[in-house]
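Listed below, chain by chain, are the residues.
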Amino acid sequence: MHRQSAGRASMSNRRSSVGPLRVKHDNNVPSTSRGPGSVNRRSSGSSSSAGSRKSTASKMSHGFGNNRRPSSGYGRSNMGRDVLRESRPLSDKSYMQREIRNIVDFLQENNFSHQLSVKQLMSPTTKDFIRIFQFIYNFLDEDYAVGQKFEEEIPAKLKALKYPYNISKSSMFTLGSPHAWPHVLGALHWLMDLVKYAMNTTTTTLLFSAEGEESEFDGQAESEMLFDYLEGTYEEYMSGQDQYEVYEKKLRDAIHMRNTGGEMDLGNIAAEKERLQAEVEELEQQQSRIPSLQEQVKARTIDCERFSAYLINLRDHKKTQDLKMQELDIQLGHTDLEIGELDRELSRLEYQLEHQELSAKDVERMQTELRQANASLDQVERENQSLDQEIWAEERGIAKKQEELERKVNEYNSLARRLKLIPADAENAHGIDYELRLNFHSIHTQHSPMLDFVSTIKPALVQLKKNLNGEVHKLHSHRLNEEEALDQIKEMTEGKREEIKKLEAQLQRLEKEINAFKEKTRDEVQAMTDRLTAIEQKKEEIRASSSCDINQAKEQIRQMQSRYDEAVQNMKLEEENYDKFLTQACTMILEHKAKIQNHVKSLIGKAQECVKTIQSIELPSQPQSC
């Protein structure tokens, strides 16, 4: 008892670094000072503990998945991190429409307060996106509201939820643009799927899903029973209680119910069995409808395929006829214009013919002039067509050059935004407007953007390049020092991992010893039971053999009964000692494991701070010479 009290005192001293102090209450004073969080400690504690274990494992797997130590020098890899490539066809119109349709259906099913359509979400406004994101995220955090700096807050929330791809800050400024919206839409669809999974998943499923099939028939899973027992006893222990008869009785009843299957109503089971057998015989006597139904299914499947092919052909034919109809409408409009012009010309010629007198020579001369004019007109039309073709070819070449120039200007502006040169009040702009704006109508005037590039932007870029070359070497040296420090932290973390593995091995060894002790105790109880049975049989034999030895047999039975009671009492004491030992061992192991986890979390936090510091250092790439 002295050793147990000393062990308990040492455990209470170590508990101060893991959780709240144990409060010892008086038996006459109600324990009303537990705080508001003690009412739902069982449910919240289990979920929070599972979440903390999951987050710790994910951080360790993401932050320290690569054990290879990078070499110190230029040209090293990106610290062993693999950049995930997007495998979803985000830019595909049909895929985008399917994602938008899923989001709209989810919003309508959950009573979204604003009306949205698929067409509206193909190019949404920033206000609509913020409303949708906040509505979906409120399923995870009811009190969440998007702040003013949504362009920084929303990517940070997605990153905290372990979204595997990066959402840049610039894409949040241009949400409705064709190059930014598909990626933001993919992230929003991923968040909706995450919320759906969370809505359809319970804490019991996450904690005890490995024994789901077994618990379906046998009641509560063994790991769940032990978890409830340890949780309840630990809560009572922290509140100052030292006796756990209620939880022990509940655990014994649950184990007994699991092993024996409970008291079943055999009569109801037999009646149910007879009813089911009668139903099975009745079904077996009936003629099977499966072949006819299968034939009907095959025929309807063939009809559906034919109708689907016919509908596809009709849609293609409709599109072709619509295109032909549009072309005919255009041709009809041109024909109407030509007919109008010809009618006006005919009216003018008839009027002129009616109000003038012409001789046969004048008519012949006019016909000759008409033929010459028609020949000249045909030649002019041929020349006009050749000129139109040349003009079309030149316009196509100019359009290609303009598209190439727009692409180059967009690449330049995008790179300038990444380098924080745009807008003029950016970090590295220093009041200079580096943005190029194309206006093809004013390209040959005095205010041409190309003149601004040559006279203003290019000299400023050359000077910025000179200023940054010196900083690059300083940042490289600083980065090398930080990476060396990060390597040291990784080595320390690996050492702590080895310690955790050793402690887990020790825990497994203790569990094996406990199981062996259980087997030994069970064998001893069985031996006592067999011995008692043998004593009862001997008692009957003695009673039947002779009546004169009854007193002597009774004396022997009394002695054996006293020895049996004494053995049972010793077994109960050993069982109580075993329960205390098991509780103390589990408490010590859990406390030590929690301490190691807290230490590992602190190391991981320091490592992540170092990684964030290194990643925040942006090394400007070597700009090409202009």
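Details of the structure are given in the entry above.
Residues numbered from 1 in each chain as written. Predicted model: local features only at pLDDT ≥ 70, side-chain atom pairs only at ≥ 80, totals over all residues. Heavy atoms only, no water.

Engineer: Can you help me understand the overall build of the protein in this one?
Structural biologist: For the protein, the helix and strand inventory stands at 17 helices and 0 strands. Of all 626 residues assigned to the protein, the portion counted as buried reaches 20%. For the protein, the share of sequence-separated contacts (at least 6 apart) that also reach a separation of at least 24 residues comes to 66%. Surface accessibility of the protein: about 46,600 Å² in total, with carbon and sulfur atoms responsible for 54%. (Helix = DSSP H or I, 4+ residues; strand = E, 2+ residues; numbered from the N terminus. Buried < 20%, exposed > 50% of the residue type's maximum accessible area, 1.4 Å probe, protein only. Contact = heavy atoms within 4.5 Å. Areas by Shrake-Rupley, 256 points an atom, 1.4 Å probe, with all protein chains shown as cover.)

Engineer: Teacher, can you tell me more about the pattern of salt bridges here?
Structural biologist: It is possible for side chains of opposite charge to pair when their charged atoms get near one another. Throughout the structure, instances matching the rule amount to 14 salt bridges. A salt bridge links Glu279 to Arg275; the nearest nitrogen and oxygen atoms lie 3.5 Å apart. One end of the pair is Glu279 and the other is Arg275, both in helix α13 (residues 266-285) and 4 residues apart, which spans about a single turn. The class of Arg275 is partly exposed, set by a relative accessible area of 44%. Here Glu519 and Arg522 are joined by a salt bridge, their closest N and O atoms 3.0 Å apart. Here Glu519 and its partner Arg522 are both found in helix α16 (residues 449-545), 3 residues apart, which amounts to about one turn of the helix. The exposure class of Glu519 is partly exposed, given its relative accessible area of 43%. (Salt bridge = Lys/Arg side-chain N within 4 Å of Asp/Glu carboxyl O.)

Engineer: Quick question: what am I supposed to make of empty space enclosed by the protein here?
Structural biologist: Here the idea is plain: a probe the size of a water molecule rolls over the atoms and shows the empty space left. One pass over the structure, following the stated rule, counts 3 cavities of 30 Å³ or more. Put simply, the second largest cavity is a space of about 40 Å³. Around the second largest cavity, the lining residues are Ile535, Lys538, Lys539, Ile542, Ala553, Gln556, Ile557 and Met560. Taken together, the residues of the lining of the second largest cavity sort by class into 5 nonpolar, 1 polar and 2 charged. (1 Å grid on protein atoms, 1.4 Å probe; cavity = no way out; pocket = protein on both sides within 12 Å on 5 of 7 lines; lining within 4 Å. Points joined across faces, edges and corners; volume = space filled by probe spheres on them. Nonpolar A, V, L, I, M, F, W, Y, C, P; charged D, E, K, R; others polar.)

Engineer: How should the packing of aromatic side chains be read in this particular structure?
Structural biologist: For any pair of aromatic rings, the description consists of the separation of the ring centres together with the inter-plane angle of the planes. All told, the structure shown has 11 aromatic pairs when counted by the stated rule. Measuring from centroid to centroid gives 5.6 Å for Phe106 and Phe139, while their planes differ by 55°, and the two rings are tilted. With Phe106 in helix α3 (residues 93-109) and Phe139 in the loop between α5 (126-137) and α6 (150-160), the pair connects residues that are 33 residues apart, well separated along the chain. The class of Phe106 is buried, set by a relative accessible area of 3%. Ring-pair connections join several aromatic residues into one group, and the members of that group are Phe129, Phe133, Tyr137, Tyr144 and Trp181. (Phe/Tyr/Trp six-rings, centres within 6.5 Å; stacked < 30°, edge-to-face > 60°.)

Engineer: Hey, could you run me through a nonpolar patch on the surface in this one?
Structural biologist: Taken together, Tyr310, Leu311 and Leu314 make up a surface patch of nonpolar side chains, about 290 Å² in accessible area. When you line up the elements, Leu311 lands in helix α14 (residues 290-354). A relative accessible area of 42% means that Leu311 is categorised as partly exposed. (Patch = residues over 30% accessible without salt bridge, like charges linked within 9 Å, V, L, I, M, F, W, Y side chains within 5 Å.)

Engineer: Would you explain α6 in this entry?
Structural biologist: For an α-helix the count is 3.6 residues per turn, leaving residues at separations of three or four pointing the same way. Residues Phe150, Glu151, Ile154, Pro155 and Leu158 constitute the buried set of α6. Relative to the axis of α6, the buried residues are bounded by an arc of 120° and lie together on one face. In α6, those exposed residues whose orientation departs by more than 90 degrees from the buried face are Lys159 and Ala160. Considering only its buried residues, α6 is in contact with α5, α7 (169-173) and α8 (181-199). Of the residues trailing α6, Lys162 is marked for its positive phi of about 70°. (Arc of directions from axis to C-beta.)

Engineer: Help me out: how do you make sense of the nonpolar core in this one?
Structural biologist: Where a protein is soluble and globular, its nonpolar side chains tend to be buried together. Counting 33 residues, the largest nonpolar core has Leu107, Phe129, Ile132, Phe133, Ile136, Ile154 and Met172 as its most contacted members. With near-sequence residues (within four places) excluded, Ile136 lies in contact with Phe106, Leu107, Leu188, Leu191, Met192 and Val195. (Core = buried A, V, L, I, M, F, W, Y, C linked by side-chain atoms within 4.5 Å.)

Engineer: So what exactly am I meant to see when it comes to the packing of α5 against α8 here?
Structural biologist: Two quantities define a packed helix pair, namely the angle between the helix axes and the distance between the axes. Their axes nearest at 10 Å, the elements α5 and α8 cross at an angle of 20°. As judged from the angle between their axes, α5 and α8 are roughly parallel. Handedness of the α5/α8 crossing: left-handed. Packed against α5, whose contacting residues are Phe129, Ile132, Phe133, Ile136 and Tyr137, the element α8 presents Trp181, Val184, Leu188, Leu191, Met192 and Val195 at the interface. Partitioning the contact of α5 with α8 into residue classes produces 11 nonpolar, no polar and no charged. (Axes fitted to C-alpha atoms, helices over the stretch in contact; angles between N-to-C directions. Parallel < 35°, antiparallel > 145°, perpendicular 65-115°, else oblique. Left-handed = near helix turned anticlockwise from the far one by under 90°.)

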